[in-house]
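# Secondary and tertiary structure notes
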Amino acid sequence: MAKIYLAFVDTPGFFASIIRRVLKQKYVHVVISMDAELEEAYSIGRRYPAIPLIAGFEKENKREILQVFPNAEYLVCSIDCTEKQKNDIRIELENAMRHRFHYHYAVIGLPFILANRPFYQKNHYTCSSYLAKLLEENGVCSWEKHFSLVTPKDFYEYPKKEEIFEGKLQELIETEDIYGIIYRRTAYEH
């Protein structure tokens, strides 16, 4: 059995505050990662952490995010999958990254989500609709609604996830840095 990782993100901002009020949930952005440390993490979201209006498919850089949002909070969860599913998802993410400027944030789809009406415009997604489609097509998750209607709340309430970290992004990076130093020191001593 392999694992993929979902990171739920709470950052300040105008759009985040609107989505937070609509969903009635702290975490309003969801990211997929191939590792628990979020080194290989992707999402449909801000291309540059400080500029909310330019959005699309991007590889997340947690240290850049920390510089812009020093109080960002994260919840990292794992979901079981097969090695084949994980490999297929990785290939799709790498392909999407190569063509990242073909993917856009589905701003026009937001009212449709509120009206509970499926809406899809080619290569336009919300963070959660992209992940819902990706994971459903690869047999990892299934939804009882159109992928365009899946929200971060649906992922948050997904029963087959296991929480592995919750706290400030700063804590996640510091913990990783400490363990990295210990690992490197131990490997060097042997």
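Residues numbered from 1 in each chain as written. Predicted model: local features only at pLDDT ≥ 70, side-chain atom pairs only at ≥ 80, totals over all residues. Heavy atoms only, no water.

### Some words on a nonpolar patch on the surface
Taken together, the side chains of I18, V22 and L114 define a hydrophobic patch exposed on the protein surface, amounting to about 260 Å² of accessible area. Structurally, the position occupied by V22 is in helix α1 (residues 14–23). Residue classification places V22 among the partly exposed residues on the basis of a relative accessible area of 41%. (Patch = residues over 30% accessible without salt bridge, like charges linked within 9 Å, V, L, I, M, F, W, Y side chains within 5 Å. Areas by Shrake-Rupley, 256 points an atom, 1.4 Å probe, with all protein chains shown as cover. Salt bridge = Lys/Arg side-chain N within 4 Å of Asp/Glu carboxyl O. Helix = DSSP H or I, 4+ residues; strand = E, 2+ residues; numbered from the N terminus. Buried < 20%, exposed > 50% of the residue type's maximum accessible area, 1.4 Å probe, protein only.)

### Details of the pairing of strand β5 (residues 73–81)
Among the 9 residues in β5, 7 count as buried, and that is most of the element. Pairing of strand β1 (residues 2–10) with β5 involves 9 bridges; the strand directions are antiparallel. By the bridge assignment, L6 is partnered in β5 with C77. When β5 meets strand β8 (residues 161–168), the two strands line up antiparallel, connected through 7 bridges. Across the sheet, the residue bridging to S78 is E162, located in β8. (Pairing = 2+ DSSP bridges.)

### What about the environment of F165?
Examined against the element boundaries, F165 turns out to sit in strand β8. With a relative accessible area of 18%, F165 lands in the buried category. Taking the C-alpha atoms as reference points, F165 and A7, 158 residues apart in sequence, are found 9.2 Å from one another. Once residues lying within four places of it in the same chain are set aside, the contact partners of F165 are Y74, L75, V76, E171 and L172. (Contact = heavy atoms within 4.5 Å.)

### Details of the packing of aromatic side chains
One pass over the structure, following the stated rule, counts 14 aromatic pairs. Ring geometry for Y103 versus Y130: centroids 6.0 Å apart, planes at 85°, classification edge-to-face. In this pair, Y103 sits in the loop between α3 (83–98) and β6 (104–105) while Y130 sits in helix α5 (residues 127–137), placing the two residues 27 residues apart along the sequence. Overall, the relative accessible area of 15% leaves Y103 in the buried class. Judged by relative accessible area, which is 8%, Y130 ranks as buried. Taking 4.4 Å as the distance between ring centres and 15° as the angle between the ring planes, the aromatic pair formed by F112 and F119 counts as stacked. Under the relative-accessibility criterion, F112 is labelled partly exposed at 28%. (Phe/Tyr/Trp six-rings, centres within 6.5 Å; stacked < 30°, edge-to-face > 60°.)

### Some words on the packing of α3 against α5
For the pair α3 and α5, the least separation of the axes is 10 Å and the interaxial angle reads 140°. Relative to α5, the element α3 lies oblique. Here α3 and α5 pass one another in a crossing that is right-handed. Between α3, through I89, E92, L93 and A96, and α5, the contact on the second element is made entirely by Y130, L134, L135 and E137. Here the contact of α3 with α5 is composed, by residue class, of 6 nonpolar, no polar and 2 charged. (Axes fitted to C-alpha atoms, helices over the stretch in contact; angles between N-to-C directions. Parallel < 35°, antiparallel > 145°, perpendicular 65-115°, else oblique. Left-handed = near helix turned anticlockwise from the far one by under 90°. Nonpolar A, V, L, I, M, F, W, Y, C, P; charged D, E, K, R; others polar.)

### Section: the pattern of salt bridges
Summed over all chains, the structure comprises 9 salt bridges. The shortest N-O distance in the salt bridge between K84 and D88 comes to 2.7 Å. Residue K84 and its partner D88 are both found in helix α3; the two are separated by 4 residues, about one turn of the helix. For D88, a relative accessible area of 24% gives the class partly exposed. The partner of K145 in a salt bridge is D154, and the shortest N-O contact between them spans 2.9 Å. When its relative accessible area of 33% is taken as the criterion, K145 is described as partly exposed. Judged by relative accessible area, which is 17%, D154 ranks as buried. One connected set of salt bridges, linked through shared partners, spans E39, K62 and R63.

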